[in-house]
Amino acid sequence: MADELIQARSLTKKFGDFVAVDDINFVVKQGESFGFLGPNGAGKTSTMRMIGAVSPVTSGELSVLGLDPMTEGPRLRSRLGVVPQENNLDEDLSVYDNLLIYGRYFDLSRSVLRDRIAELLEFVQLTDKKDAKISALSGGMKRRVIIARGLINEPDLFILDEPTTGLDPQARHVLWDRLYRLKQQGVTLIITTHYMDEAEQLCDRLVVMDKGKIVAEGSPAGLIKEHTPRDVVELRFAPGELEAITGRIEDLAEHTEILADRALVYTDDAEELISIVSASNLEPETELVRRSSLEDVFLRLTGRTLVD
Amino acid sequence: MTVPLSLRVAEAEARFYRRTWRGSVVSSFVTPILYLLAMGVGLGSLVDENLGYGLDGVSYLTFLAPGLLVATAMQTGAAEGAWKVMAGMKWRETWKARLASPIGVPSLVLGHMIWSAARVLMVSVAFAIVMTAFQIAPPLQSFLAVVPAFLVGVAMVAITTSFTVRLKSEAGLPMYFRFVVIPMFLFSGVFFPVSNLPDWLQPIALVTPMYHGVELARAIVVGIPPVVAPAISVTYLLAWIIAGTYFAVSPVRQKLKP
Ligand SMILES: Nc1ncnc2c1ncn2[C@@H]1O[C@H](COP(=O)(O)OP(=O)(O)OP(=O)(O)O)[C@@H](O)[C@H]1O
Ligand SMILES: [Mg+2]
């Protein structure tokens, strides 16, 4: 299919005997932004690295932009933009030199690069930091430089591995805004993340990964609808109290989760549930009603939280 | 694809070098001046007095200078292959970043070789200028002696790179300098003829790339014909360059593209 930028069939990655990516299937279409959501060690980076032609596929089939990453690596990489999980900018060089040097790896001429760097710095709002050394930048600024670096070759596909991990909320919002603009310009994005709010903000479609496997696939709203009731009532208890009443909480609804300090009760009618709780003698310290999120989907599917 | 992209890698290294080029250029001139003054002039007057005629019929300074030229190239090559590679693979992570671009491992290694060769050439030429200024040899001989020095330096880049890319951590590098680079510096015929070594050590000196370079450089500057035919020595040095470069590729691929 012409509009399928990535096709993965039975894609598997092993490190020795350890299976990091376990027989996964997915398709990414032209112009969409596609997410990989999962906890530490789920296999997100391993998958990104295979797509980015920097890690050999152990078995299965993978086609990216119609090319085989195993045999057409350089050609494929010339059309990809990559934001790696770690900040691997050259700390001793300036923002401008980092971008210029990287652009030269794509055999772009200096004059083309001069204009493009100016545009990209404008885009990531770092024009005034052009001559600053990387080591003098904040974490959020470094991430923005890496995004600019990843766009230097005007890629057909932009791969972002945890673009906002470790940033403060404000810096994350700045980045989300930039990524949203890229999406609007029609750039196909692949984003991995631990954060369900990030996935909800940015992804049209996503897969939830756990222990190398894809455990669910769909749009953020679709996944929530499919896997959990609409609302969650969070009941918080004093430390230690929960154990004794676990059974009674589980009787409140068809689906509940007991965490260390609180219980999550899933329901389509939060008001009714609250009144049942009030009428009982459970007496939680606090009650909070919120909409179900991808975090709840993940909890439901794996029994574990996303960010530990 | 490999050749143009490896030039892009060399260009990136050059841009990085530009930050500190002044200091580097100054030290490429100061180091040979200090060595030639201390060893050649200072120690040399003692040697010449004792022997009455100097080594190989020339002054100790003239005997020493071509050897030191090669030794300087050798040490520069070792440093490029050690610290530069460790920085690229581990400290600065620049190599990994490059591999996400169209650059592949062979272009990466070749680009590193090209830039390091340029560095070896710079220090060797600086040394030749100093040699001329000291009137140790006419300019033509001094600059011709750069050729064997360059070959030894590049061979050392290749050998050291091949070693460094196999290391798990930088802890192996000081050992490498202590047990490979420094002994090679001291015992490959720079300071005294290899024939003065104990018999059992002579064959070891003979297999070092450095010995062949020193012999060639000394033949050019002093005019004594070398023991080994020059064509064989040059071929031997080229073989080290090719083998070292070739054997650096697969560990880089294993480590940076797991
Ligand atoms: N080079 C490697 N050698 C051996 N094991 C590896 C290697 N790279 C990754 N792994 C293992 O593969 C598994 C998946 O790792 P991966 O980095 O893909 O996870 P991830 O989903 O990106 O996690 P995180 O959210 O922490 O970044 C982990 O258990 C990891 O230890
Ligand atoms: Mg990861």
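From a predicted model like this one, the values you see are computed outputs, not experimental measurements.

Reading the values: rules and limits
Residues numbered from 1 in each chain as written. Chains lettered and ligands numbered in written order. Predicted model: local features only at pLDDT ≥ 70, side-chain atom pairs only at ≥ 80, totals over all residues. Heavy atoms only, no water. Donors = N, O, S within 2.8 Å, 3.2 Å for Na, K, Ca; no water. Helix = DSSP H or I, 4+ residues; strand = E, 2+ residues; numbered from the N terminus. Buried < 20%, exposed > 50% of the residue type's maximum accessible area, 1.4 Å probe, protein only. Contact = heavy atoms within 4.5 Å. Axes fitted to C-alpha atoms, helices over the stretch in contact; angles between N-to-C directions. Left-handed = near helix turned anticlockwise from the far one by under 90°. Nonpolar A, V, L, I, M, F, W, Y, C, P; charged D, E, K, R; others polar. Near = heavy atom within 4 Å. Polar contact = N/O pair within 3.5 Å; in protein donor to acceptor, adjacent residues only side chain to side chain. Areas by Shrake-Rupley, 256 points an atom, 1.4 Å probe, with all protein chains shown as cover. Buried area = accessible area lost by both parts, 1.4 Å probe. Salt bridge = Lys/Arg side-chain N within 4 Å of Asp/Glu carboxyl O. Domains from an automatic or database assignment. Expected span 1.5 Å × (residues − 1). Patch = residues over 30% accessible without salt bridge, like charges linked within 9 Å, V, L, I, M, F, W, Y side chains within 5 Å. Lys, Arg positive; Asp, Glu negative; His and termini not counted. Charge placed at Lys NZ, Arg CZ, Asp CG, Glu CD. Phe/Tyr/Trp six-rings, centres within 6.5 Å; stacked < 30°, edge-to-face > 60°.

**Examining the coordination of the magnesium ion (ligand 2)**
Residues and elements named next belong to chain A.
Logical step 1: Around the magnesium ion (ligand 2), the donor atoms from the protein are Thr-45 (OG1) and Gln-85 (OE1), and they sit 1.9 to 2.1 Å away. In this pair, Thr-45 sits in helix α1 (residues 44-51) while Gln-85 sits in the loop between β5 (80-83) and α3 (95-105), placing the two residues 40 residues apart along the sequence.
Logical step 2: In this structure Thr-45 comes out as partly exposed when scored by relative accessible area, which is 25%.

**Let's talk about the side chain of A:Lys183**
Logical step 1: Mapping A:Lys183 onto the fold places it in helix α6 (residues 169-184).
Logical step 2: Apart from the residues lying within four places of it in its own chain, the contact partners of A:Lys183 are A:Ser33, A:Leu189, A:Leu202 and A:Asp204.

**Quick look at the packing of helix α2 (residues 21-51) of chain B against helix α3 (residues 60-91) of chain B**
Residues and elements named next belong to chain B.
Logical step 1: Their axes nearest at 8 Å, the elements α2 and α3 cross at an angle of 145 degrees. In the packing of α2 onto α3, the handedness of the crossing is right-handed. For the pair α2 and α3, the contacting residues are Tyr-35, Leu-36, Met-39, Gly-40, Val-41, Leu-43, Gly-44, Val-47 and Asp-48 in the first and Tyr-60, Leu-61, Leu-64, Ala-65 and Leu-68 in the second.
Logical step 2: Split into classes, the residues belonging to the contact of α2 with α3 amount to eleven nonpolar, two polar and one charged.

**Let's talk about the site of ligand 1**
Logical step 1: Near ligand 1 lie 15 residues; those nearest to it are A:Asn40, A:Lys44, A:Thr45, A:Ser46 and A:Gln85.
Logical step 2: Near ligand 1, the surrounding residues are drawn from chains A and B.
Logical step 3: Contact between ligand 1 and A:Asn40: an oxygen atom at 2.7 Å from a side-chain N or O atom of the residue.
Logical step 4: Here an oxygen atom of ligand 1 sits 2.9 Å away from a polar atom, N or O, in the main chain of A:Gly43.
Logical step 5: A total of 630 Å² of accessible area belongs to ligand 1 in isolation, and the protein chains cover 65% of it.
Logical step 6: At the level of elements, β2 (18-29) and α1 of chain A are the ones that each hand at least two residues to the shell around ligand 1.
Logical step 7: Of the residues belonging to the shell around ligand 1, the class tally is six nonpolar, seven polar and two charged.

**Side note on the interface of chain A and chain B**
Logical step 1: Taken together, the contact pairs 28 residues of chain A with 25 residues of chain B.
Logical step 2: Interface area for chain A against chain B, summed over the two sides, is near 2,300 Å², with a carbon-plus-sulfur share of 54%.
Logical step 3: Connecting chain A to chain B are six salt bridges.
Logical step 4: The shortest N-O distance in the salt bridge between A:Arg104 and B:Glu11 comes to 2.7 Å.
Logical step 5: Taken together, the connections running from chain A to chain B amount to 13 residue pairs in polar contact (both at pLDDT 80 or more).
Logical step 6: Contributions of two or more residues to the side of chain A that touches chain B are made by β1 (4-15), α2 (73-77) and α3 of chain A.
Logical step 7: Top element by residues in the side of chain A that touches chain B is α3(A). It accounts for six residues.
Logical step 8: A class-by-class count of the residues in the side of chain A that touches chain B yields 13 nonpolar, four polar and eleven charged.

**As for the domain arrangement of chain A**
Logical step 1: With domains assigned, chain A is organised as domain 1 (4-219) and domain 2 (229-291).
Logical step 2: Placing the centre of domain 1 of chain A and that of domain 2 of chain A at their C-alpha centroids yields a distance of 39 Å.

**Observations concerning helix α10 (residues 209-222) of chain B**
All names here are of chain B.
Logical step 1: In a regular helix each residue adds 1.5 Å, so 14 residues correspond to 20 Å; α10 covers 20 Å between its end C-alpha atoms and thus fits that length.
Logical step 2: Along α10, twelve of the 14 residues are buried, which leaves the element largely enclosed by surrounding structure.
Logical step 3: Burial in α10 covers these residues: Pro-209, Met-210, Tyr-211, His-212, Gly-213, Val-214, Glu-215, Leu-216, Ala-217, Arg-218, Ala-219 and Val-221.
Logical step 4: Positive backbone phi, at 95 degrees, marks Gly-223, one or two positions downstream of α10.

**With respect to the pattern of salt bridges**
Once the charged atoms of two side chains with opposite charge are near each other, the side chains can pair.
Logical step 1: In this structure the tally under the stated criterion is 33 salt bridges over all chains.
Logical step 2: Close ionic contact of A:Asp261 with A:Arg262 constitutes a salt bridge, the shortest N to O distance being 3.4 Å.
Logical step 3: Looking at A:Asp261, the relative accessible area reads 32%, which means it is partly exposed.
Logical step 4: Under the relative-accessibility criterion, A:Arg262 is labelled partly exposed at 21%.
Logical step 5: The closest approach of N and O atoms between B:Lys84 and B:Glu80, which form a salt bridge, is 3.5 Å. Of this pair, B:Lys84 and B:Glu80 both sit in helix α3, four residues apart, roughly one helical turn.

**Focus on a negative patch on the surface**
All names here are of chain A.
Logical step 1: A cluster of acidic residues, Asp-268, Asp-269, Glu-271 and Glu-272, forms a negative patch at the surface.
Logical step 2: Along the chain, Asp-268 falls in the loop between β12 (262-267) and α10 (270-279).
Logical step 3: Overall, the relative accessible area of 57% leaves Asp-268 in the exposed class.

**Some thoughts on the packing of aromatic side chains**
Each aromatic ring pair is described using two quantities: the centre-to-centre distance and the angle formed by the ring planes.
Logical step 1: For the structure shown, the criterion picks out 14 aromatic pairs over all chains.
Logical step 2: Taking the centre distance of 5.4 Å and the plane angle of 70 degrees together, the rings of A:Phe34 and A:Phe36 count as edge-to-face.
Logical step 3: The class for A:Phe34 is buried, based on a relative accessible area of 0%.
Logical step 4: A centroid spacing of 5.9 Å and a plane angle of 90 degrees characterise the contact between B:Tyr176 and B:Phe177, whose relative ring orientation is edge-to-face.
Logical step 5: B:Phe177 sits in the buried class, given a relative accessible area of 17%.

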